[in-house]
Amino acid sequence: QVRLEESGGGLVQPGGSLSLSCVVSGSVFRTPTMGWYRQAPGKPRELVAGISSGGGINYLDSVKGRFTISRHNANNGVYLQMDSLESEDTAVYYCSAILYINPSSEPTHLWGQGTQVTVSS
């Protein structure tokens, strides 16, 4: 069964850094898009950063210049480096991938299990 496996996150003081990792577990044909979403208590889930297999990247305005998304196509991994963290970045972060299991399948949108990021002094 194909799934996304996340790691990273935790507690950090304001101004600190954390990194998140996510890899696709299982065999897939291709993964056009991967990214990271977050959801804070009482707020809707929002896209933090997305990256295509060709390297196209987009960021949430509030994280531009502080967060860096990257991917490793060989292992279907996506990574998020978070610097200069602020209390407003506190949320559960979810890995996301749109992928094709095989050449004839419809696209599938998978989510990771979520990992808590807490920015607090």
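Scroll up for the structure.
Anyway, here's the lowdown on the structure attached to this text. (Residues numbered from 1 in each chain as written. Predicted model: local features only at pLDDT ≥ 70, side-chain atom pairs only at ≥ 80, totals over all residues. Heavy atoms only, no water.)

1. Some thoughts on the overall build of the chain
Here comes step 1: Check the secondary structure of the chain and you find zero helices and eleven strands.
Here comes step 2: Overall, the chain shows an N-to-C arrangement of helices and strands of β-β-β-β-β-β-β-β-β-β-β.
Here comes step 3: Its C-alpha atoms give the chain a radius of gyration of 14 Å, near enough to 14 Å, the size a compact globule of 121 residues would have.
Here comes step 4: Counting only C-alpha atoms and orienting by the principal axes, one finds that the chain spans roughly 50 × 25 × 25 Å.
Here comes step 5: Looking at the 121 residues of the chain, the share that counts as buried comes to 40%.
Here comes step 6: Placing the 8 positive and 9 negative side-chain charges of the chain at their respective mean positions leaves the two points 5 Å apart. (Helix = DSSP H or I, 4+ residues; strand = E, 2+ residues; numbered from the N terminus. Rg over C-alpha atoms; globule rule 2.2 N^0.38 Å. Buried < 20%, exposed > 50% of the residue type's maximum accessible area, 1.4 Å probe, protein only. Lys, Arg positive; Asp, Glu negative; His and termini not counted. Charge placed at Lys NZ, Arg CZ, Asp CG, Glu CD.)

2. Describing the pairing of strand β9 (residues 91-100)
Here comes step 1: Within β9, seven of the ten residues are buried, leaving the element largely enclosed by the surrounding structure.
Here comes step 2: As paired strands, strand β4 (residues 30-39) and β9 are joined by eight bridges and run antiparallel to one another. Bridge pairing in β9 places R38 opposite Y93.
Here comes step 3: As defined by bridge partners, β9 adjoins strand β10 (residues 108-111) across four bridges and the pair is classed as antiparallel. Bridging across to β10, I98 finds its partner in H109. (Pairing = 2+ DSSP bridges.)

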